[in-house]
Amino acid sequence: QVQVMESGGGLVQPGGSLRLSCEASGNRFSILARGWYRQAPGMQREFVAAIASGPQANYADSVKGRFTISRNNAKNTAYLQMNSLKPEDTAVYYCYFRTPWGDYWGRGTNVTVSS
């Protein structure tokens, strides 16, 4: 079993920055990819960013140039650096880890962008 936990959310003013962290723990497992989704109030969950074993990362058009995903393979962690935040970035952010046995998700961390 794999447990996933996010942290780093909070309230930030427009134009500000936040760094989300995510850690996977549990029995031995291989991580094929890791990424972030978000869900705004009343909206469907949407893709934000993902990174596999190589350097290539994928981003939603809405966050390109503002968000950066990174990882630490030794620590089974993933990070999402969010800059130039906008009110429309307000959402619950969910992290996932993809393993050969399926995807494991965290419970989410709240990000609110408001003045």
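Here, the structure is the one placed above.
None of the values given here were measured: they were computed from a predicted structure.

Caption draft 1: Spotlight on the state of the cysteines. Applying the stated rule across the entire model yields 1 disulfide. The residue that forms a disulfide with Cys22 is Cys95, at a sulfur-sulfur distance of 2.0 Å. On the sign convention where negative means left-handed, the S-S torsion of about -90 degrees between Cys22 and Cys95 marks this disulfide as left-handed. With Cys22 in strand 3 (residues 18-26) and Cys95 in strand 9 (residues 91-99), the pair connects residues that are 73 residues apart, well separated along the chain. Side by side, Cys22 and Cys95 carry an identical accessibility label, which is buried.

Caption draft 2: Quick peek at unusual backbone geometry. We note that Asn76 has phi near 55 degrees; this positive angle belongs to a residue other than glycine. The topology assignment puts Asn76 in the loop between strand 7 (67-72) and strand 8 (77-82). If you check the backbone angles, Ser84 has positive phi at about 50 degrees while not being a glycine. Mapped onto the elements, Ser84 comes out in the loop between strand 8 and strand 9.

Caption draft 3: Expanded view of the sheet that holds strand 7. Strand order in this open sheet of 4 strands is 1-3-8-7, and the pairing throughout is antiparallel. The open sheet has two free edges, formed respectively by strand 1 (2-7) and strand 7, since each of these has just one partner strand. Within the sheet, the average angular offset between the axes of one strand and its neighbour, ignoring direction, is 15 degrees. Across 6 bridges, strand 7 lies against strand 8 in antiparallel orientation.

Caption draft 4: Spotlight on the environment of Arg71. Mapped onto the secondary structure, Arg71 falls in strand 7. The residues contacting Arg71, other than those within four sequence positions of it, are Arg34, Ile51, Ala52, Ser53, Gly54, Thr77, Ala78 and Tyr79. For Arg71, the side chain forms a polar contact with the main-chain oxygen of Ala52, separated by 3.0 Å. In this structure the side chain of Arg71 is engaged in a polar contact, spanning 3.0 Å, whose partner is the side chain of Asn73.

Caption draft 5: The arrangement of the side chain of Arg66 in detail. The residue Arg66 is located in the loop between strand 6 (57-59) and strand 7 in this model. At 2.8 Å, the side chain of Arg66 and the backbone oxygen of Ser62 are in polar contact. Sequence-distant contacts of Arg66, that is, excluding residues within four places in its chain, are made with Gln81, Met82, Asn83, Ser84, Leu85, Lys86 and Asp89.

Caption draft 6: Looking closely at the pattern of salt bridges. Using the criterion set out here, one finds 5 salt bridges in the structure. A salt bridge links Asp61 to Lys64, with the shortest nitrogen-to-oxygen separation between them at 3.2 Å. The burial state of Asp61 is the same as that of Lys64; both residues are exposed. The closest approach of N and O atoms between Arg98 and Asp103, which form a salt bridge, is 2.8 Å. Take Arg98: its relative accessible area is 37%, and that puts it in the partly exposed class. For Asp103, a relative accessible area of 32% translates into the label partly exposed. Through salt bridges that share partners, Arg38, Glu46, Arg66 and Asp89 make up one connected network.

What counts, and at which threshold
- Think of each chain on its own: its residues are numbered from 1, step by step along the sequence as written.
- In keeping with the model being predicted, local features are shown solely for residues with a pLDDT of at least 70 and side-chain atom pairs are shown and tallied solely at 80 or more, while totals for entire chains, interfaces and linings include all residues.
- The basis for every side-chain value is the complete set of heavy atoms in the structure, and neither hydrogens nor water enter the calculation.
- Criterion for a disulfide: a pair of cysteine sulfur atoms at a distance within 2.5 Å.
- Elements are defined by DSSP. Helices are runs of H or I of four residues or more, strands are runs of E of two residues or more, and each kind is numbered from the N terminus.
- Residue burial is assigned from relative accessible area. The probe radius is 1.4 Å, only protein chains are included, and a residue is buried under 20% of its type maximum, exposed over 50%, and partly exposed in between.
- Here, a strand pair is defined by DSSP locating no fewer than two bridges between the strands.
- Axis definition: a line fitted to C-alpha atoms, over the contacting stretch in the case of helices. Angles run 0 to 180 degrees between N-to-C directions.
- Residue contacts are counted whenever heavy atoms from the two residues lie within 4.5 Å of one another.
- In protein, a polar contact requires one atom able to donate a hydrogen and another able to accept it; more generally it is a pair of N or O atoms within 3.5 Å, and residues adjacent in sequence count only if both atoms are side-chain atoms.
- Should a side-chain nitrogen of Lys or Arg be within 4 Å of a carboxyl oxygen of Asp or Glu, the pair is scored as a salt bridge.

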